[in-house]
Structures are given as C-alpha cells and as structure tokens.
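Descriptive analysis of the structure
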Amino acid sequence: MPTADAEPDMNRGTAAAAPASLNQPPGERAVSVLWSFGKCLGALLPVYLAGYYGFSISVILFGLMIYMGWKHSRLEKVMRLKSAVYLLENERVFTSEKVFRTNRNLPPWVNFPDVEKVEWLNKIVQQAWPFVGQYLEKLLVETVAPAIRTSSFHLQTLSFTKVNLGDKALKVVGVKAHTEQDKRQVMLDLYLSYAGDVEINVEIKRYFCKAGVKGIQLHGNLRVILEPLIGDVPLVGAITMFFIRRPKLDINWTGLTNLLDIPGLNSISDTMIMDAIASHLVLPNRLTVPLVADLHVAQLRSPLPRGVVRIHLLEAEELTAKDTVIRGLIDGKSDPYAVLRVGTQIFTSHHVDSNLNPQWREMYEVIVHEVPGQELELEVFDKDPDQDDFLGRVKVDLDIVKKARVVDDWFNLKDVPSGNVHLRLEWLSLLSSADRLSEVIQTNQNLTSKTADPPSAAILAVYLDQAYELPMRKGNKDPSPMVQISIQDTTKESKTCYGTNSPVWEDAFTFFIQDPRKQDIDIQVKDDDRALSLGSLTIPLTRLLATHELTMDQWFQLENSGSASRIYIKLVLRVLWLSEDATPTTPSPRPSDSGSGTGHGGITSELNPMGPGGLDKPEPARPQHTTPDPDFASEGVLRIHLVEAQNLIAKDNFMGGMVKGKSDPYVKIRVSGITFRSHTIKENLNPIWNELYEVILTQLPGQEIQFELFDKDIDQDDFLGRFKLNLRDIITAHFIDTWYTLNDVKSGRVHLVLEWLPRVSDLPRLEQILQYQSQKSYQNKVVPSTAVLFVYVERAHGLPLKKSGKEPKVGAEIILKSVSYRTKICERSTSPRWDEAFYFLVRDPRDETLTVKLSHSWGQALGSLTLPLREVLVEPGLVLDRWLTLDGALPESQILLRATLKILDTQLALCRKAPGDEGNDGSGEEIIPNWDPSHLDLRYRGGFPIGSDNANTAGQVKLTIGYSMGENRLFITVHACRALAACSKDGADPYVSFILLPDKKATTKRRTATKKRDLNPEFSERFDFDFSLEESMQRRLDLSVKNSVSFMSRERELIGKLLLDLDQIDLKTGVTQWYDLVAEAN
C-alpha cells in the first residue's frame, strides 16, 4: 500500500528514468514516438469512421460507456481480490485491532461457541499446498488437456501454458460437529474460505486465442458425513460431501475471457459455473466416496429425506411501492411476486398487479434433506418489463419448523423499509406404515390452493441398482442401457452405461405421490438412442402398501426382454403425516407494526418469546403423544446359535510335530462393533459349544458378521480359521441351519443356526414362544429373549427446581434389569426435551419392569418412573404412548414417552409339534425348516462358503439353465462352485464337466477351465446347444465336478456329481440356483 514515505523513492525513480530515456539509441526513440502516434490515431479512428459513415454520436458514447463500465468492474474485482489477500496475510493484526469494533467479519468459531477453530488443519493444508498445485498441474496437462484436444477438431491446439495454484491455501475457518443426530454416523460442518492467487492460462494456437483465470474467491459451508460406522478397518463405510447452500464464488478472468468481466456478463458467467458446481455438490446432490465394498452407494448418495415441508404462501402487506410516477413525487404501486428456494428446489408464485397487500394463497412442497442446516429463502420482487425491483427477503431455519411442527406467522422482510409476509409452514413426518394413508388422503382433499398440483399423500424413493443379462443389439453388440422411470406425468432418466448388457447405475430418484392406491410405476429400459427398448416393467404402488415397512428390495423380471433379463430395484414409500398435536391451523393475525427498517425474518418463537412476527402469543398446548423419528423401532434382532465344529487343525503338537496333538478351540464373533467369545474346549478337534448370542442390529448396507477360531495357548493363541457372513443374506433367508467351511486353513468347518427374528405384535404368540424357550438350555447360560422393547423419551414437564432455586440441567437414565442408558443433559429448564430412542432385549415381559430416573447432571434426583411391562402388554398394538406421572417430584411433574413392545417370533417355535396334535407320536420331535439358498443375490456370491446339512454332500454348483426362444437354443451357464471337498492338503484344482443324456457319441460333452487350488471357484462359462424345446425337455444333465490330477497321481479325481432331468425345470423362464453335489460314495 502506498504511503508518504514512498514518495521520495518514486520521485527518485522518475528522475532516474529521465536520463535513461535520453540515453536511448535514436532508432528506439523513433519507434517510441511512432507507437505513441499510432495509439492516438487508433483512439481517434472510431470518431472519424462514425462521422464518415454518418453514425450518431450516441454510438460513440455507448461504446465509451461499455468500456468505462468494464474498466470500473475490472478495477473493483481487482481491489476485492487484493483486500481479501491482504486480510489473509494480516489476519492476526486485523483480528486483534478491529475485532471489537464490529462482529460483521468474525469467523464462525467466534460467533458460535460450538464451532471450533482448527488452525492445526490449516497448517497442514498450507504445508501440502505446493504439492497439491503440482498434482493439479499434472492432472490438467497430462489428463485434461489431451481429453479436450481429442473432443473437438477446433481444440486440437489447446494447451495449458501456465498452471500455478499460488501461495494462498484453502482455509477451514471453523468446524462444527453434530453429535445429537444419528449415532451411526459422524456429521461435520466445515466453513471454507478461499481467496487464492491461482493463475491458470490456456492457449489455442490455431486461433491465436489466450484466456485464463487469475484469482478465485470461494466461501461456503461444506457438510461432511462419515457413514455408516462399521466395526472393521477403516471404521467408516463411505464419505459423503455436499454444500448445504450455494457457496459464494468470484472469479477474476484474464485474456480473451476478460469479456466475461463486462457488467451483466460477469454475473452470468459466475452463475453458470456455480450452477455446474451445484449440480454435483449442492443439496440434494452429494459426492459419495465408498471406502468398503458391497455398499448401496445410491442410498448413501440419496438417502431418505428427513421430512417434507409444506409451504403455504398466503399474503403480504405494506410492501414498498416501486412503480412511482414523476420521479417519485407521486407514489405508485408494485406488481409483487415471490421466489421461494430450499436448496436447489425453486418455486415462483404468480404476480399480483398493482397491489401492495397481495394475496397469493399458493402451496408448495419441498423435500428437506438435512436439518439442521437447510433454510427456506423467500424473496419478493416487483414485476417490471426490464429488471424486476427487489422488495425484501426472509429466511427461516427449517430445523425450527421440524421442532415446532407448524409455524403460522407473519415475517418482517429484511433489507427494505417496510413489508411483511404471511407464511404457514408444516412439517410432514415420514411414516413407514400405511395405517393412516386414508386419513391423509381425506385431509388433503379438503385443502385448497391455487397451485396446479394437489397435496401429496406420500413420497416414493426409487433406488435403481443394476440390471442383468439385457438383450443384445443387432449384430450381437452390447447395448448402452439407460432407464426412464415415470409416475403419471413425471418422468426421470438415469445415466447411461455404455457397452454392457449388465449395467450398474446406482441412481436414486424421488417422486411425490398423490394417491398410491391408484398410481403405478412405469419403468422402461432403453438403449441410449431411446429408440430400442430393452425391457419394461410396471409395478402398481398397491404392491408396496402390502409390504413390510412399505419397502421392496429385490430383483424384478423384465417384460418384453430376454428370458434371463432382470433388474434390481429398491422401492421405499413413506406416508406424509402432519402431527396431530401441531399448532392450530388458523393463521395468526398480522403484525400491528409494519416493522420498518431491517426486519427480523426467520426469527421464530424459540429465539424470540414474543413470536416470529414480534407478537405476544399464547403458549401452545402440550402434545398428547410423542413424535419419534420414522426410523424408530426399525431395528431387528439376530440370534446366533454356535453349535459345533469339525475337523479342526491340531496346533498343540509335540516333538517338533512328530507327535500329533490336539487344540483348545474357542470362537470370536464380531458384529456391528460388538464382540462375543465362546468358552474354550480343552483338547478337542470336534468341539461342541452349544452357545447362544443375541444382538440388536440396524439394517445397514455392507454389514458383515465375522467368525474367527483360535487355539487357546499360554502365550499367543494360534489361528484355526475364519469366515464372514453378509447380514443381508441372513435377513433375506430369515433362517439358516448349515455348516460353514473355514477359510485360510486346510480343514475345518463350523455348524451354525442363524435366525433373523420377525417382530410381531401378536400377544397369543407370546405364550407359545415362552413355552418353547423354557425347554431350551445353552452352555453359556443364556436365556433366549422373547421380545424387544423400544423406548422413546421425548420430554418432561413441571420438574422441580434445584435446591438453590435455579432451573436444573436434566438428564434421564433408562434402566431394564442390568442394562441402562443415559440421555443427553439438557440446558437449564423445568421442561426439558431429549428426543432420544433406546432398545432392550426382554426375557419375559410379564415379570420385567422399566425404570426411568431423572436427575440434575446425574446428581440431585428430580423424579422417577416405574413402568411394569405388563402394562404395555394390555395396550393396543403393544404400544404405550402418553404422559406419565413421576414419583418423588411435584404433583404436576410428568414425562412423555413411548414404549413399543415387539414379540420375537421364531420359526423353531412355529415348527415344533405341540403335544396332543393329530398325528403326533408323542416323541416331541422338532421339525427344523429347510433353507433354500437359491435366493442369494448374484452380487454377494463368493463372500462365504456355505455347505449343506447333508453329510454326504460334496459342495454345491450354481447353474443357469434355460431355453432361448429367439435363438432356438438350450443354454447352460456354469457360474461357480462352493464348499467343495478338499482332495489333498492343497485343496483341489476343480473343473466342471457334463453331458446331456442320452448321448451315445458324446457330442454334448462339455467342460470348463480348471481353477487352481480353489474350493470356491468361479467359472461364469456359457454353453449353447442347438436343440428344439421338446428335445431339450427329454434330456438329462449328468454333471461332474472333478479334480484335475496327473496320470500317476493318487489324489481323488471325482469331487461330486449331479443328475438333473430338464423336464423338471421351466426352461422358457430360465432358472438360476445352487444344486447339491453328491459325494462319490453315493
């Protein structure tokens, strides 16, 4: 910055420059004179040409105005950039000297105590910034530039002449961690600020074109979500990033792109770039980076919304008059309209002509993805033929709407002298049950608004995962599939997967549904040219209404497609419910004061006791029922019965292994961060544990159960094998009783009984289950649970004060037998609100009691509640939801909670013969349900080997057998084998060979490739046969899985066989499933 001290230096510099110019050679002085004369001539040339061709002087003035405007805008942008750089360089001095004068420029960590300063992170970024610049330069020069050159003939000479990220690094001025949200995720808000001296220049030599960027400013709030949290490295399943609101962007262009700094164009260019960023990184768009396999990326990228806000734009009053007459001497009117924005969802009302007190009476519905964070932004404008005039704005935090359920009030418009707007905001919760659907539809029919769309009764989330074996294009070429999903008049398209007939889209879409009883989903799979149809599917939404939790997650067979063509889709329907305890629907009166000056839009009753509009409002009545999250009571219970193991490896050898010993085996089971350990069985290679474990789990994508066996030793325990199970497969099968082969060891298998317990509210089933459980005993003394209790603690009211007379900081402890949980501690209040949920496993709900203790910071007791669970058993649907009086407190002290009891039904109790049943021989024999593993998803195969419960089974083979009517061919696809029997200490070298009987000349004999040392090989080989359908049905498949051995080897060659009559299969549809292999002894 120039100072007075610099003036002598400048004068000396000028004096020194004069002699230097005199010492120039005569030729250089002549060129300098000619160049000055040329510039003068160039400046006068437009004036001469305008006069020569008879143009008006206004043309010259217009051009001069454009140039001066561009120059002025250019100087302002350079000054803003210099100011930002100066502020960053002198941050400490600026903060210490000026922070107490104004809080306008304070960083978020100063304004908000829960925002933390992370200077250590900024130092790391600053240290690594030059290397980030090197990576960016390498990326642009070696990757981006060649891609651009090959994309167009006109850009073949494009090159980056300079890439410099500068010295000013990105800064994180504050971090806020949200710990009150879902316990299965970590949510961070990063307040980013970047005022960089970046310089990137681009040149296209063919057209002598140079352009570039010199300086960028970016300021915004980036939310980072780490979910799901898993009990294995790297502890986090995926990282999701997005901007809650559009960040502020300012770009300083250079070269030919200087034209973008012309007034009007500069805002357009920055807006276009901001729109491109918003399409990827501003809600509802998210950037998701998976860190582990088998994650539903589409569900992470587009999770179910937090809720829906129904916005009623009712009216406005005392707006500013913008259409004045005679330069404002006579006040006129305005033609107001409103623009509403939530994230990328934008709505514009109709305009009302010549009215300062307009009435719109319009209704809009917006999806809320993140609270806290998202806001409703409303701006009012005056409609004009040229540029619309600004009439004010207001912002409302949607987190406050969620807590209040209904906000019906007048809001003062900000940044204008006067004006108020009347809004009614309703928070619609998402219900996973269709019990209240008819009531919602009936209520919506009574709503009237000027908008074309009627109120929605539900929202539908469509997760498009993948397709399998789509038909080929002409010439047997792979298609490039895309999907069109339509509901009534709304159609949305997926991305295109090029050159594959088994595409993976992982896209998500959301639709508003007016009446799911009458609407259908139409799905069209097409080639990228939209002309060739690859298949179609129609799903009535009534099918969803009949499913558990209104969810379908499965493969669907495509119509008008190939016999094996199918598509995997997850459909989630949620009913939109307005809480019954919401505030009255009648709108509050408008403010008596117009609220001149800068208004207080967005301030609600939680921040202002006088109400959002500044009025004294009566205290709303207490709600009579709880309003838990839609995911409340959605957890399930997994029961693991560790039965026995066989053929374990002997680790306790003697004399250097010359004398074989035994092992002392035990099992470690890890699931969802919980570890169970069995007891140790001494000196046994075929141990029997008979132990039971139960765990409450949330259905998260990619969750696995890990089993590890060890030999107990004095020093370090020896490894005996491991295997993993996918929770998704267990939930789909509900019940599994089978042997699992141990991986990473030569031999050994484990017998497990796994059951995902259905949760019912059928009270008569409780007695049957209790009777069955009483007859069971396990080695680890575990008594099986008969129910699971879900407790939602919402709020308390009328609690006593502390002994000192101050309001308490209240926490609640919930206890059931030896299990206890604690809520968060609320700020000082006699009416605290927690909104927290807990769950307990219940052995016998007839004898157990739930206890809730309230205290001040876990010290002074403030009251307690004792709730016998038998009181929940007499409630309708086994749900108790009301205010309950506290003991040891004031007479008016109460707590509002919900206790939901779900009985854990078990197939073993269902299949057990009751004494006295007809046909019972009195033996009390149990009928164990068989498990058919054919339902397993192709995407999750190979995750674990599954054996059969038949001791003579030598493993399984997975086949697809079908008949192609279009090609008149029989096809057999050998996918994989699993749990094959080992033929030597190194396992086996398996291959599959088969023949279609009768075949005297062995013309139908086929075999796959050989897989070395693999007991779970994958082949994925297809074989075609030119048979008619009738001839195919007369054939018999004779299949053998063999071990590839040499001529002199003594190893066993045949592993297992399969004989299958093809007339037992629906060849037209095609069947894919696992088949048991019969051992050689049979």
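Computed from a predicted structure; not experimentally measured.

**Here's the deal with the packing of aromatic side chains**
Note on aromatic pairs: each is described by the distance of the centres and the angle between the planes. For the structure shown, the criterion picks out 18 aromatic pairs. Ring geometry for W129 and Y194: centres 5.9 Å apart, planes at 50 degrees, overall tilted. Here W129 is found in helix α6 (residues 119–151), whereas its partner Y194 is found in strand β4 (residues 186–204), with 65 residues between them in sequence. The pair W129 / Y194 is uniform in exposure class, with both members buried. With 5.1 Å between their ring centres and 65 degrees between their planes, Y821 and F840 make a pair best called edge-to-face. Of the two residues, Y821 sits in strand β40 (residues 819–822) while F840 sits in strand β41 (residues 833–842), which places them 19 residues apart along the sequence. By relative accessible area, Y821 is classed as partly exposed at 28%. Overall, the relative accessible area of 2% leaves F840 in the buried class. The ring centre of F511 lies 4.7 Å from the NZ or CZ of K492, which sits over that ring.

**A closer look at the sheet that holds strand β31 (residues 674–677)**
Read across the sheet, four strands follow the order β31-β30-β33-β34 without closing on themselves; strand pairing throughout is antiparallel. With partners counted over all chains shown, the strands left at the sheet margins are β31 and β34 (718–726), one partner each. Along the sheet, successive strands turn relative to each other by an average axial angle of 15 degrees, direction set aside. Of the strand pairs in this sheet, strand β30 (residues 665–671) and strand β33 (residues 704–711) are connected by seven bridges, and their pairing is antiparallel. For I669, the partnering residue across the bridge sits in β33 and is F707.

**Looking at unusual backbone geometry**
Cis geometry marks the peptide bond from E227 to P228; its omega dihedral reads -10 degrees. By secondary structure assignment, the location of P228 is in the loop between β5 (209–226) and β6 (238–243). The linkage connecting L997 with the following residue, P998, adopts the cis geometry, with an omega of -10 degrees. Residues other than glycine seldom take positive phi values, yet R530 does so here, at roughly 65 degrees. Owing to a relative accessible area of 34%, R530 belongs among the partly exposed residues under this scheme.

**Observations concerning α6**
The sharpest bend along α6 reaches about 45 degrees and sits at W129, with the proline P130 one to four residues further on. Those residues of α6 not exposed but buried are N122, W129, G133, L140 and A145. Residues of α6 that are buried sit in contact with β2 (158–164), β3 (171–178) and β4.

About the cut-offs
Residues numbered from 1 in each chain as written. Predicted model: local features only at pLDDT ≥ 70, side-chain atom pairs only at ≥ 80, totals over all residues. Heavy atoms only, no water. Phe/Tyr/Trp six-rings, centres within 6.5 Å; stacked < 30°, edge-to-face > 60°. Helix = DSSP H or I, 4+ residues; strand = E, 2+ residues; numbered from the N terminus. Buried < 20%, exposed > 50% of the residue type's maximum accessible area, 1.4 Å probe, protein only. Lys NZ or Arg CZ within 6 Å of the ring centre and 35° of its normal. Pairing = 2+ DSSP bridges. Axes fitted to C-alpha atoms, helices over the stretch in contact; angles between N-to-C directions. Bend = angle between axes of the 7 residues up to and from the residue. Contact = heavy atoms within 4.5 Å.

Don't take any of this as a statement about function, it's just geometry.
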